[in-house]
There are 2 protein chains.
Amino acid sequence: MDHRVTFPQVIGHESSAVIEDLGEGVASWKLGDRVTVRPLDPCGQCPACRRGYGHVCQKLKFIGIDAPGAMQALWTVPAHTLHRLPDALSLQDAALVEPIAVACHDVRLGEVQRGEFAVVIGGGPIGALVALVAQHKGARVIVTEINPFRIALLRKIGLEVYDPRETDVAAMVTAETSEAEADVVFEVSSSPQGAELMTKLPGVRGRVVMVAVFPKPVPVDLHKFFWREMRLIGTRVYEPVDFDEAIDLLATTKVPFRSLITDVYSLDGLEKGLLQMEQGADVMKILVDCAA
Amino acid sequence: MDHRVTFPQVIGHESSAVIEDLGEGVASWKLGDRVTVRPLDPCGQCPACRRGYGHVCQKLKFIGIDAPGAMQALWTVPAHTLHRLPDALSLQDAALVEPIAVACHDVRLGEVQRGEFAVVIGGGPIGALVALVAQHKGARVIVTEINPFRIALLRKIGLEVYDPRETDVAAMVTAETSEAEADVVFEVSSSPQGAELMTKLPGVRGRVVMVAVFPKPVPVDLHKFFWREMRLIGTRVYEPVDFDEAIDLLATTKVPFRSLITDVYSLDGLEKGLLQMEQGADVMKILVDCAA
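Residues numbered from 1 in each chain as written. Chains lettered and ligands numbered in written order. Predicted model: local features only at pLDDT ≥ 70, side-chain atom pairs only at ≥ 80, totals over all residues. Heavy atoms only, no water.

### What about helix α6 (residues 169-176) of chain A?
Residue and element names in this part refer to chain A. When we look at burial in α6, the residues that qualify are Val169, Ala170, Met172 and Val173. Take α6 and look down its axis: the buried residues cluster within an arc of 165 degrees, on one side only. Where α6 begins, the capping side chain belongs to Asp168, and its oxygen is found 3.3 Å from the backbone nitrogen of Ala170. Ser178, located one to two residues past α6, shows a positive phi value of around 50 degrees. (Buried < 20%, exposed > 50% of the residue type's maximum accessible area, 1.4 Å probe, protein only. Helix = DSSP H or I, 4+ residues; strand = E, 2+ residues; numbered from the N terminus. Arc of directions from axis to C-beta. Polar contact = N/O pair within 3.5 Å; in protein donor to acceptor, adjacent residues only side chain to side chain.)

### Looking at the interface of chain B and chain A
Residue-level contacts link 43 residues of chain B with 43 residues of chain A. Approximately 4,000 Å² of surface area, both sides summed, lies buried where chain B meets chain A, with 60% of it carried by carbon and sulfur atoms. It is Val204, Leu222 and Phe226 of chain B in chain B that bury the most area against chain A; as a group they hold 18% of the surface buried on that side. Linking chain B to chain A there are 4 salt bridges. Glu239 of chain B serves as the salt-bridge partner of Arg205 of chain A, at 3.3 Å between the closest nitrogen and oxygen. For the interface between chain B and chain A, the tally reads 19 residue pairs in polar contact (both at pLDDT 80 or more). Those elements giving two or more residues to the side of chain B that touches chain A turn out to be α1 (47-50), α3 (97-109), β10 (202-210), β11 (218-220), α8 (222-227) and β12 (231-234) of chain B. With 5 residues, the top contributor of residues to the side of chain B that touches chain A is α8 of chain B. Its residues assigned to classes, the side of chain B that touches chain A comprises 25 nonpolar, 7 polar and 11 charged. (Contact = heavy atoms within 4.5 Å. Buried area = accessible area lost by both parts, 1.4 Å probe. Salt bridge = Lys/Arg side-chain N within 4 Å of Asp/Glu carboxyl O. Nonpolar A, V, L, I, M, F, W, Y, C, P; charged D, E, K, R; others polar.)

### Brief notes about the domain arrangement of chain A
Interfaces are frequently sized by the accessible area removed from exposure as the parts join. Residue and element names in this part refer to chain A. Taken as a whole, chain A is organised into domain 1 (2-99 + 239-289) and domain 2 (111-234). Computed from C-alpha atoms alone, the centre-to-centre distance between domain 1 and domain 2 is 27 Å. Listed as interface residues are 14 residues of domain 1 and, on the opposing side, 15 residues of domain 2. When the area that domain 1 buries against domain 2 is broken down by residue, the three leading residues are Pro99, Leu260 and Met284, summing to 37%. Our enumeration of links across domain 1 and domain 2 arrives at 1 salt bridge. Here Lys137 makes a salt bridge to Glu245, at a shortest N to O gap of 2.5 Å. Where domain 1 packs against domain 2, one counts 1 residue pair in polar contact (both at pLDDT 80 or more). Of the residues in the side of domain 1 that touches domain 2, the class split is 8 nonpolar, 3 polar and 3 charged. (Domains from an automatic or database assignment.)

### Comments concerning unusual backbone geometry
Residue and element names in this part refer to chain A. Residue Pro8 is reached from Phe7 by a cis peptide bond, and omega for that bond is -10 degrees. Among the structural elements, Pro8 can be located in the segment before β1 (16-18). A positive phi angle, close to 40 degrees, is found at Val237, a residue other than glycine. Along the chain, Val237 turns up in the loop between β12 (231-234) and α9 (240-252). On the basis of relative accessible area, Val237 is assigned to the buried category, the value being 14%.

Written out as C-alpha cells, the structure reads:
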C-alpha cells in the first residue's frame, strides 16, 4: 500500500473511539457514543458500487491510506463508516474489530462449514484471526507458520500449528482426512511457497481463499484447479455484515482474540512499535493509545 | 494424457453408436438403440464419489484413455455410461455430444447468465463450443484466437473473434463494458499468454473458468483475485446433466455446432486426421466413421 500514501500523512485504519463532535445533519449518533470505524469510503457510482460491492469500489477511498487515518487523538470520518460498540466491549478490545472483520469476511466467502478441514497458510495477525474464526465456525483448523514466536503464541491459545519446513503438511492433511484432503485453504502468507502449498492441499471441489497480497505474479499449478475442480476465491477487506459479526464475536464469545495483543503503547511509542514489526521482533498485534 | 495410455491401445472417447449386443442383466436398453457414451467409470468408493462428484473420482477410469476407446467398429462399455439419442439427431451429429457436454459443464459451473459479458481465450474445438453454448445462454461472447483458419471459421458461424496480437483485448473489454469489465472469462488456450490475459479481463466478483490443461505451473497474478474479489473455477469433463443438455442443444436448437466439423474420414483415414491435427493444419473437428 506504500505508494498510495503521500507524505505527510496520518495512517492507521484499525481503531475504536468515542464520538467527540458531530457534523451537521448527523442524527443517529450522539456525543460520547462508543464506536469503531469501517474505514471504507466508496464512490457509489462505479460498476462495483452499482452491483452492491462498495467495499471493493473501483475508486475506493481507504481511510487511513488514501485519506488521514486513526493514529491521532481527534479523527474526522464520515458517519456512514461507524459501527456502535456494545457496553460489554472495552475500547481496547474493540481496536481489534477491523482485522477480525477481515477474518469474518474471508471465512464467510470461503463458506466454511461445521466439520470441515481447513488449513491457514501463514500465522501472522490476519492468519491467526482467520484460524480462530474458522475454528469458531466448527472447522478443524491447521495453521502453517515459520516464525517461532508466532508458532509458540498460537499454540498457547489452542491452535494446531505446524512449521512446513519440519512437517510435510500435504502428506499430513492427506492422512488426517483419509485422502479426502482439505475442504478449504486460506493463503495468508504472500509467499511463493504458500502459493505452491495452497494447490496441494484441497480435495475435489475444495476452495482456496486468497487473502494475501501478492505484489507480483507467482507460479501457480493451474492444473490442480482443473483436475480437482477446485476454486480460488479472492477476498478483500469486509462488508458491513462482517463488522457486525466481528463485534458480536468479540463481545459474546470466548474466542481468544485478545491474546494476540502483545504490546500496548501510547502514541509516543508508535515509532518503536512500527520498528518492532518491521524488524520481525517478537510481536503479534501492537495497540496504540492515541487519547490526548 | 499421453503417459496414461499404454500400447497397444485403442483410443477415442467422443462417439455415437448403435447397440449391437447387451451384457447380462442390462434391462433398460435393446439392440438397435442409438446412443452416445459418457466415457467415465468412477470407483464409487473414494471421497469424491461419496460426495457425489463421481465425474472427478479420485480413481477415475476414463474410457478411451485408461481403457479401450471408441475408435473401433465394436466397443464394449458399461451400461451406466449410455445416453439415448433422440430420433431427430443423426449419428454423425451425435459424435459431437461429448465435447459439447464439456462446454455445457464449463458454462454451467461458470454460472453464465443472460446479458453477461463473456470472453473465451482460445478458439479451438472446446473454446468454440464454450463460446456457442455461452452465447446460446444469452451472454455477449468474445473469442480470442491466433490461428487464421480458426478465426475465419468462427467468424463465419457468427462468433466475434479477435487476434490478441492485433487487438488490445483488455482495453477493448473495458471500453465495451463501460469499465464494468467481463463477467466471466474461460481460459481454454493452455498458454502462459492466456494465463496472463485471464486475470486482466474480469471485473469485481468476476469469474475465471479454468478449462485448459496446464502441464506445469505458470505465473498468475494472484493480486487481481484479491483486488477484485474474483474467482477461479476449475472445471473438468461433465456430469450426466451436461450430457443431457448437450444432446438437447444439438437436437432442438439452431446453434451451429455442426459447422465445426471440417472432415469426416473412414477408419482408414485416422492416421491422416491425427497428423493433420498434430501439424496444425486447417482443421477444427474431424470425425471418424468406424462402422465395419
